[in-house]
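Residues per chain, in single letters:
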Amino acid sequence: MRRPFIAGNWKMNMDRASAIELAAGVAKATADLEDVDVAVCPPSIYLDAVVSATKGSEVGVGGQNMYHEPKGAFTGEISSAMLLDIGCQYVILGHSERRHIFGETDADINKKVKVALEVGLTPIVCVGETLPERESGETLNVIRTQFDGSLAGLSDDDMKKIVIAYEPVWAIGTGKTATPQQAEEVHLDLRKIMESCYNSEIAESVRIQYGGSVKPDNAAELLGQPNIDGALVGGASLKVDDFMGIIAGAK
Ligand code: PEP
């Protein structure tokens, strides 16, 4: 049985005070929550404050990105060890904004995934097709290519520690959500890929989140699909009530 996992990607939003308020609000609102994992991923500059604000709660904290090198002359970057040191359990890797705005490739993401696993962070690895790719019938090929490239060379044990987020690029921040059937089709396909590359135990145990304009009013139907195990939430994770509405849909 896969435990639902709802993560909030705050992207480049909030100031320090509002980050602390939101983190504390989520921690309080989830105090009696059972059977759902919850995490928030603030901008890296607020990670320390958010780790403090969620201390003692069930809310995990994640970075939105990291660099694959352990340390050195990489101005502006942060390492996996730094994320761990500050109190993170998770890191989002290969988000479509990293892929499309900052030009990250599957090979770049693969290096980061391996380094994150080495230090004990749980990578949330994002895959997803653009609108032209979907319209030209390429969705499953794109997902397969991203899976093979981003997760290349992982052992069975490593693979078990991964969370995958299927995020169709055309649904991120646009208000357009994949239908539950469209999302389920890709999630099922990802499970089949894992079964063919690894085994059925891994295919059945790895959690696959859906992301793309998830809101309180569409969460339950999406999360009710047999192969959708949670959500990676952007805009709706910036308000406690909306985020809690989505978490309620996972129960
Ligand atoms: C995201 O940033 O991963 C995301 C899914 O954003 P939104 O929920 O705003 O579409």
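Parameters and conventions
Residues numbered from 1 in each chain as written. Predicted model: local features only at pLDDT ≥ 70, side-chain atom pairs only at ≥ 80, totals over all residues. Heavy atoms only, no water. Helix = DSSP H or I, 4+ residues; strand = E, 2+ residues; numbered from the N terminus. Contact = heavy atoms within 4.5 Å. Phe/Tyr/Trp six-rings, centres within 6.5 Å; stacked < 30°, edge-to-face > 60°. Lys NZ or Arg CZ within 6 Å of the ring centre and 35° of its normal. Near = heavy atom within 4 Å. Polar contact = N/O pair within 3.5 Å; in protein donor to acceptor, adjacent residues only side chain to side chain. Areas by Shrake-Rupley, 256 points an atom, 1.4 Å probe, with all protein chains shown as cover. Nonpolar A, V, L, I, M, F, W, Y, C, P; charged D, E, K, R; others polar. Buried < 20%, exposed > 50% of the residue type's maximum accessible area, 1.4 Å probe, protein only. Pairing = 2+ DSSP bridges. Right-handed = clockwise from strand over helix to strand, strands pointing away. Core = buried A, V, L, I, M, F, W, Y, C linked by side-chain atoms within 4.5 Å. Expected span 1.5 Å × (residues − 1). Arc of directions from axis to C-beta.

(A) Geometry of the environment of Leu223. Tracing the chain through its elements places Leu223 in helix 11 (residues 216-223). Measuring from C-alpha to C-alpha, the distance between Leu223 and Pro4 comes to 8.5 Å, with 219 residues separating the pair along the chain. Ignoring anything within four residues of it in the chain, the contact list for Leu223 reads Ile6, Ile228, Gly230, Ala231, Ile246, Gly249 and Ala250.

(B) Up close: the packing of aromatic side chains. In this structure the tally under the stated criterion is three aromatic pairs. Here the guanidinium or amino end of Arg98 rests over the ring plane of Phe102, the centre of that ring lying 4.1 Å away.

(C) How the structure looks around the site of the ligand. Near the ligand, the surroundings consist of 14 residues, among which Lys11, Glu167, Gly173, Ser213 and Gly234 are the closest. Glu167 is positioned with one of its side-chain polar atoms (N or O) 2.7 Å from an oxygen atom of the ligand. Gly173 has a polar backbone atom sitting 2.6 Å from an oxygen atom of the ligand. Expressed as a share of its isolated accessible area of 290 Å², the protein-covered part of the ligand is 97%. Looking at the shell around the ligand residue by residue, the classes come out as four nonpolar, eight polar and two charged.

(D) Summary view of the pairing of strand 2 (residues 37-41). Here strand 2 lies mainly inside the structure; five of its five residues are buried. Taking every second residue as pointing to the same face, both faces of strand 2 are buried, with Asp37, Ala39 and Cys41 on one and Val38 and Val40 on the other. Bridging between strand 1 (residues 5-9) and strand 2 involves five bridges; their strand directions are parallel. Bridge pairing in strand 2 places Ile6 opposite Val38. Taken together, strand 1, helix 1 (residues 16-29) and strand 2 constitute a β-α-β crossover, and its handedness is right-handed. Examined bridge by bridge, strand 2 and strand 3 (residues 59-63) share three bridges and lie parallel to one another. Within the sheet, the bridge partner assigned to Val38 lies in strand 3 and is Val59. Tracing the backbone out of strand 2, into helix 2 (residues 47-53) and back to the parallel element strand 3 gives a crossover that is right-handed.

(E) Representation of helix 12 (residues 240-249) within the structure. Of the residues making up helix 12, those classed as buried are Phe243, Met244, Ile246, Ile247 and Gly249. Looking at the packing, one finds that the buried side of helix 12 touches strand 1, helix 1, strand 2, helix 11 and strand 8 (230-233).

(F) A look at the nonpolar core. Judged by nonpolar contacts, the single largest core of 65 residues is most densely connected at Ile6, Met159, Ile164 and Leu190. Ignoring sequence-local partners within four residues, the contact set of Ile164 consists of Val125, Val127, Phe147, Leu151, Met159, Leu190, Met194, Val206, Arg207, Ile208 and Gln209. Judged by nonpolar contacts, the second largest core, of 11 residues, contains Cys41, Ile92, Ala165 and Leu232.

(G) Here's a closer look at helix 7 (residues 139-150). In this model helix 7 runs 16 Å from its N-terminal to its C-terminal C-alpha over 12 residues, within 8% of the 16 Å that 1.5 Å per residue would give. Looking only at helix 7, the buried set comprises Thr139, Val142, Ile143, Gln146, Phe147 and Ser150. On an axial view of helix 7, the arc spanned by its buried residues comes to 130 degrees, and they lie on one face.

As far as function goes, none of this settles anything; it's purely spatial.
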